[in-house]
Amino acid sequence: MTAVRTTCPYCGVGCGVLVTPDGKGGARIEGDPDHPANFGRLCSKGTALGETLRLAGRILTPRIGGQVATWDAALDLVADRFLAAIRDHGPDSVALYLSGQMLTEDYYVANKLIKGYIGTANVDTNSRLCMASSVAGHSRAFGTDTVPGTYEDLDQADLVVLVGSNLAWCHPVLFQRLMAAKAARGTRIVVVDPRRTTTCDIADLHLALAPGSDAALFNAALVALADRGAVDDAYIAQHLSGFEDALAAARASDGSMTGLAPDDLADFLDWYVTTERVVTIYSQGINQSESGTDKVNAILNCHLATGRIGRPGMGPFSVTGQPNAMGGREVGGLANMLACHLDIENPDHRAAVQGFWDSPTMPEKPGLKAVEMFQAVAQGRIRALWIIHTNPAASMPDADAVARAIEGCDFVVVSDVTQTDTTALADVIMPATAWGEKSGTVTNSDRTISRQRPFLPTPGHARDDWRMIADVAGRMGWGDAFGWDSPAQIFAEYAQLSRLAGDLGRDFDISGLAGADYDALPPTRWPVSARRQGGRFFGAGGFFTPDARARMLPIAPRLPVAVTGRRYPFRLNTGRVRDQWHTMTRTALAPRLNQHTAEPFLEIHPRDAADLGLAPACLARVISPRGQAILRIAITDRVQCGQVFAPMHWTGETAPTGRVDALVAAVTDPVSGQPESKASVVDIAPL
Ligand code: SF4
């Protein structure tokens, strides 16, 4: 049987996969040697995809109030309840909560419905928990959410600084690429992380800085770059604004905040100042912070001041968690954006999108971001909520409060593939097609758009997300605007819309793909035109700000507001393990993936364990101001004294064991709205 070329559904590396179906519902999985993200490599999760293709546990029919229902009954009820909420309480009384697992075409249709036809921007996504601070940081600096790096930069760099990124476990194929580059050209690697992760195994230097102090480190780097003549005066004069203010703020910031040993800090600064080809990779350790946007801009400041951006082997590089977090950003899947990187608060942009859609309405202000959205649900301000491919009852911070809010909402519809903590709370459940059954596109961390292609028949009564949303839109009276027959037609419309964005001076223009052969579309990195005009990503036209200059921002580092003390003496960091994904709805189906880490755990330093009388592998109760979890103790010096780490994958099925997001307070970054997931305060009690 011929192999189908598709894309891995897990992380933002976006690896190409060759799938050979066995005709019995299974498939052989290989890495696609021709995909530019992975050139044939796969990690443990990607390799095990064939073991997750089973129908056991799938949602295969619509359900209303827990009872099997017809599609007509479910769609009619959803449309009626959304229309009733809008009629009685206004458009801002409804909301969509989406996912970076959705395909771009599905995202596009959801945004068109809620913004252009319902008339609210209450649409947000679990990508808010993943990389919203990068979006905000890029927008503040560049005027648009442009990721200036590519994967080839990792091959060409002489120094790679990984900040808050356990690349070895969270983006394993990029880590393999980095290891290959290190072997080939001796790339120096620095890891900045309070915890000694597996990524540190290949590091030349590990900076175990104090939690939350990353901005102070990069302020120190900016000062060193300026004092030692490494800034690019010509580039600053021609392309930047704000250099002097940013430098003054950096000089005023307290470098001791990092808690780093002077020799380690000196080595890092030496390398950072004297190496031109520097890539600074950052991920959730930066983004998932109540000061995440400032941390991002502290990093961008260093690359801008030196002109080390958008040139081979140089640049700041945000690596995204989910397979289509980038596609969601591009299509406007966040409450504060319009499609194609257009700005919801810009009247010209709103008029352009509304005109293109010929739609009756367009919100003039941003909607509710994820944490605000569930708070509004709890307060009764959201009366009808549609959750698509995500499990907020387990994965949102303050998860117990979010679960109670969903349970108390007037009307909740959930579209998903399997039963989750959240489907258990839904009034209506809609069965969605899964990876291997649906068709569309995703965009990975380096802006490469790839196809996800189907290779399995649609099971039961499952339906594609775009079609469900269009079906509801039709029942709400807008069938003509949602009358597509295929994802190809949706993609073509979206690509045509992006031409307007290009005309309005935005970076996202894929209109060259509007007439492309969708089925045969090869992996394509945008901008579709030449990437590096004049040697710079941003080209002769400059950046996407009104004066075409990138903005350096003055950054005053802030440590987490929650402080440890007698009642909650430990700082809790959360993250992923190598072989699980999100709340494990797919990865837990593969026996070999479960062997890596069998159950949720809490890493704690040997001295702290001794002080608490905790034996290796005993169970302990972890208590925060927001909730509790029971975790297996793992005694290790990978964490520092006073700090603990727990993975976030385990959910209500094992409650209260492992339900880690119930411990995390809903504290958010004031610019991006992204919650702090790395600096909760907890106490630990032996069981
Ligand atoms: Fe899939 Fe990410 Fe692994 Fe690649 S690195 S195979 S995209 S999980």
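Residues numbered from 1 in each chain as written. Predicted model: local features only at pLDDT ≥ 70, side-chain atom pairs only at ≥ 80, totals over all residues.

**Regarding the domain arrangement of the chain**
So, step 1. Each assigned domain of the chain is listed here: domain 1 (4–52), domain 2 (63–126 + 326–534), domain 3 (132–319) and domain 4 (570–686).
So, step 2. A straight line from the C-alpha centre of domain 1 to that of domain 3 covers 31 Å.
So, step 3. Residue-level contacts link 9 residues of domain 1 with 8 residues of domain 3.
So, step 4. Looking at the side of domain 1 that touches domain 3 residue by residue, the classes come out as 6 nonpolar, 2 polar and 1 charged. (Domains from an automatic or database assignment. Contact = placed C-beta atoms within 7 Å. Nonpolar A, V, L, I, M, F, W, Y, C, P; charged D, E, K, R; others polar.)

**Focus on the confidence of the model for the chain**
So, step 1. In this model, the chain carries a mean pLDDT of 93, and residues with pLDDT of at least 70 account for 97%.
So, step 2. Low confidence marks residues 529–536, where pLDDT is under 50. Its contacts with residues over four positions away, or in another chain, come to 10 contacts.
So, step 3. Reported for the predicted complex are a pTM of 0.95 and an ipTM of 1.00. (pLDDT = per-residue confidence, 0-100.)

**Examining unusual backbone geometry**
So, step 1. Of note in this structure, histidine 341 is not a glycine but carries a positive phi near 60°.
So, step 2. Phi at alanine 617 takes a positive value of approximately 65°, unusual for a residue other than glycine.
So, step 3. If you trace the backbone, alanine 617 turns up in the loop between helix 22 (606–612) and strand 23 (619–623).
So, step 4. For alanine 617, a count of 10 C-beta atoms within 10 Å gives the class exposed. (Helix = DSSP H or I, 4+ residues; strand = E, 2+ residues; numbered from the N terminus. Buried ≥ 20, exposed ≤ 12 C-beta atoms within 10 Å, placed from the backbone.)

**Structural notes on the UniProt feature "domain: 4Fe-4S Mo/W bis-MGD-type" (unreviewed entry) in the chain**
So, step 1. Sequence positions flagged by UniProt for "domain: 4Fe-4S Mo/W bis-MGD-type" (unreviewed entry) are, in local numbering, residues 1–57.
So, step 2. Span residues 1–57 is 7% helix and 26% strand, its end C-alpha atoms 28 Å apart. (UniProt positions renumbered as here; feature names shortened; annotations may be inferred.)

**A short note on the environment of proline 600**
So, step 1. In this fold, proline 600 is placed in the loop between helix 21 (591–596) and strand 22 (601–604).
So, step 2. Sequence separation between proline 600 and arginine 632 is 32 residues, and the spatial gap between their C-alpha atoms is 6.4 Å.
So, step 3. When near neighbours in sequence (up to four residues on either side) are disregarded, proline 600 contacts Leu631, Arg632, Ala646, Pro647, Trp650, Thr657 and Gly658.

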